[in-house]
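# Survey of secondary and tertiary structure
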Amino acid sequence: MARIMLLGAPGSGKGTQAERITQRYGIPAIATGDIFRKNLSEGTPLGLKAKGYMEAGELVPDELVIDLVADRLSEPDTKNGYLLDGFPRTIAQAEALDKLLSGKGEALDKVFFIDVPKDVLIDRIAGRRVCPSCGRVYHVTGMPPKQAGVCDDDGAELIQRKDDDAATAENRIDVYNEQTKPLVEYYKKTGLLIELDGTAGVDSLENQIEEILG
Ligand code: AMP
């Protein structure tokens, strides 16, 4: 049983670690950004509500996100644990999550904070490419696919996320520093926070996380 949260700025490597952890432990990743992108591409009412915020690099309003996560956490595949990636992103979301979990007699086990300096974040976001089909994340130089521009897993042509352009990425990092970074102190107080140096390299980070999770 593992209820894990990954906390970190855009470009900190949460998504990459999430892929590895969920494969190893057989738990689902709940990545609110992925859920919003899927809704956006399918043109659902939720996607339409989130669109403007996402394209501007702003946060989607708390109540939309909280309802979405509450629904997702009621699904049976979360019974044996899950990994939260990109949620919570505000103190209000963290408080809502606490309430939601304590209502079910549950609690988080570990919160991993992946710390990365801003100049590294900007470089990572600029070079990030994603598979529109399976969501796998690459970096043009740091973590390239075997064949340039093509997903290793399903052969789809990789794309750059719209909100990864320089101006929007910069805004997302500012929004992170203002609204999400305070969660580091919030989770420090709970004793759940584990700080990791996000410049350590993907494999090293994965090993550190695995050692802690056992
Ligand atoms: P991400 O893929 O995690 O970088 O998320 C992409 C975008 O989705 C963010 O820039 C926000 O607009 C929105 N989003 C994802 N998760 C949240 C959240 N927990 N709270 C508010 N907005 C979110």
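My aim in this report is to walk through the structure given alongside it, one point at a time. (Residues numbered from 1 in each chain as written. Predicted model: local features only at pLDDT ≥ 70, side-chain atom pairs only at ≥ 80, totals over all residues. Heavy atoms only, no water.)

## A word on the overall build of the protein chain
As a reminder of what qualifies: Here a helix means four or more residues in a row that DSSP labels H or I, a strand means two or more in a row labelled E, and each is numbered from the N terminus. Only protein chains enter the accessibility calculation, which uses a 1.4 Å probe. A residue is then buried if its area is under 20% of the maximum for its type, exposed if over 50%, and partly exposed in between. Two residues form a contact once any of their heavy atoms are found within 4.5 Å. Methods summary: accessible areas were calculated by the Shrake-Rupley approach with a probe of 1.4 Å, and residue burial reflects only the protein chains presented.
Across its full length, the protein chain holds nine helices and seven strands. Structurally, the protein chain occupies a C-alpha span of about 45 × 40 × 35 Å along its principal axes. Expressed as a percentage of the 214 residues in the protein chain, the buried residues total 43%. In the protein chain, of all internal contacts separated by at least 6 residues, the share reaching a separation of at least 24 is 71%. For the protein chain, the accessible surface area stands at approximately 10700 Å², while carbon and sulfur atoms represent 50% of it.

## A closer look at the site of the ligand
Test applied: Residues are classed as near a molecule or strand on a simple rule: at least one heavy atom within 4 Å of it. Counting of polar contacts relies on pairs of N or O atoms within 3.5 Å, with two restrictions inside protein: one atom must be capable of donating a hydrogen and the other of accepting it, and residues adjacent in sequence are counted only when both atoms are side-chain atoms. For this classification, the nonpolar set comprises Ala, Val, Leu, Ile, Met, Phe, Trp, Tyr, Cys and Pro, the charged set comprises Asp, Glu, Lys and Arg, and every other residue, Gly included, is treated as polar.
Looking at the ligand, there are 16 residues lining it, with Thr32, Arg37, Glu58, Gly86 and Gln93 nearest. Between arginine 37 and the ligand, the recorded distance is 2.9 Å, taken from a side-chain N or O atom to an oxygen atom. In the model, an oxygen atom of the ligand is placed 3.3 Å from a nitrogen or oxygen of the arginine 172 side chain. Protein contact buries 95% of the 480 Å² of open area that the ligand shows by itself. Looking at the shell around the ligand, the element that brings in the most residues is helix α2 (residues 32–42), giving four residues. For the shell around the ligand, the per-class residue count stands at six nonpolar, four polar and six charged.

## A short note on unusual backbone geometry
Between phenylalanine 87 and proline 88 the backbone carries a cis peptide bond, its omega angle lying at -5°. When you line up the elements, proline 88 lands in the loop between β3 (81–85) and α5 (91–103).

## Considerations on the packing of aromatic side chains
Condition: Under the pairing criterion, centres of Phe, Tyr and Trp rings, with the six-membered ring standing for Trp, must be within 6.5 Å; the plane angle then separates stacked pairs below 30 degrees from edge-to-face pairs above 60, leaving the rest tilted.
Across all of its chains, the model carries one aromatic pair by this definition. Seen from their ring centres, tyrosine 186 and tyrosine 187 are 5.0 Å apart, and the 75° between their planes marks the pair as edge-to-face. We note that tyrosine 186, like tyrosine 187, is buried.

## Examining the packing of helix α1 (residues 14–25) against helix α9 (residues 202–213)
Applied cut-off: Angles here are taken between N-to-C directions and fall from 0 to 180 degrees, while the axes themselves are lines fitted to C-alpha atoms, restricted in helices to the stretch in contact. Small angles under 35 degrees read as roughly parallel and large ones over 145 as roughly antiparallel, with 65 to 115 read as roughly perpendicular and the rest as oblique. Left-handed describes a crossing whose near helix is turned anticlockwise from the far helix through less than a right angle; right-handed describes the clockwise counterpart.
As a packed pair, α1 and α9 sit with axes 10 Å apart at the nearest point and diverge in direction by 45°. Overall, the two elements α1 and α9 adopt an arrangement that is oblique. Once α1 is placed against α9, the crossing between them reads as right-handed. Contacts between α1 and α9 pair Thr16, Gln17, Arg20, Ile21, Arg24 and Tyr25 from the former with Val202, Asp203, Leu205, Glu206, Ile209, Glu210 and Leu213 from the latter. Looking at the contact of α1 with α9 residue by residue, the class counts come to six nonpolar, two polar and five charged.

## Some thoughts on the pattern of salt bridges
The cut-off we apply is this: When a carboxyl oxygen of Asp or Glu lies within 4 Å of a side-chain nitrogen of Lys or Arg, that pair is called a salt bridge.
Under the counting rule described, the total for this entry stands at 20 salt bridges. Close ionic contact of glutamate 106 with arginine 3 constitutes a salt bridge, the shortest N to O distance being 3.5 Å. On the criterion of sequence distance, the pair formed by glutamate 106 in the loop between α5 and β4 (110–115) and arginine 3 in strand β1 (residues 2–8) is long-range, its members being 103 residues apart. When its relative accessible area of 25% is taken as the criterion, glutamate 106 is described as partly exposed. Shared partners join several salt bridges into a network, and the residues in it are Arg128, Arg161, Asp163, Asp164 and Arg172.

## As for the sheet that holds strand β2 (residues 29–31)
In plain terms, the rule: When DSSP finds two or more bridges between a pair of strands, those strands are recorded as paired.
Read across the open sheet, the five strands follow the order β2-β3-β1-β4-β7; overall the sheet is parallel. The outermost strands of the open sheet, each flanked by one partner alone, are β2 and β7 (193–197). Averaged over neighbouring strand pairs, the angle between their axes works out to 20° when direction is ignored. One ladder, built from five bridges, connects β1 with β4; its direction is parallel.

## Thoughts on the pairing of β3
Most of β3 sits inside the fold, with five of its five residues counted as buried. On β3, burial covers both faces: Gly81, Leu83 and Asp85 on one face and Tyr82 and Leu84 on the other are all buried.

## Describing the side chain of threonine 180
Assignment of secondary structure puts threonine 180 in helix α7 (residues 166–180). Among residues more than four places away in sequence, those in contact with threonine 180 are Leu7, Pro88, Arg89 and Val175.

## Some words on the side chain of arginine 3
Take arginine 3: its relative accessible area is 11%, and that puts it in the buried class. Within the structure, the side chain of arginine 3 is placed 3.0 Å from the backbone oxygen of alanine 107, a separation counted as a polar contact. Non-local contacts of arginine 3, meaning those with residues more than four positions away in its chain, are made with Gly81, Tyr82, Glu106, Ala107, Leu108, Asp109 and Lys110.

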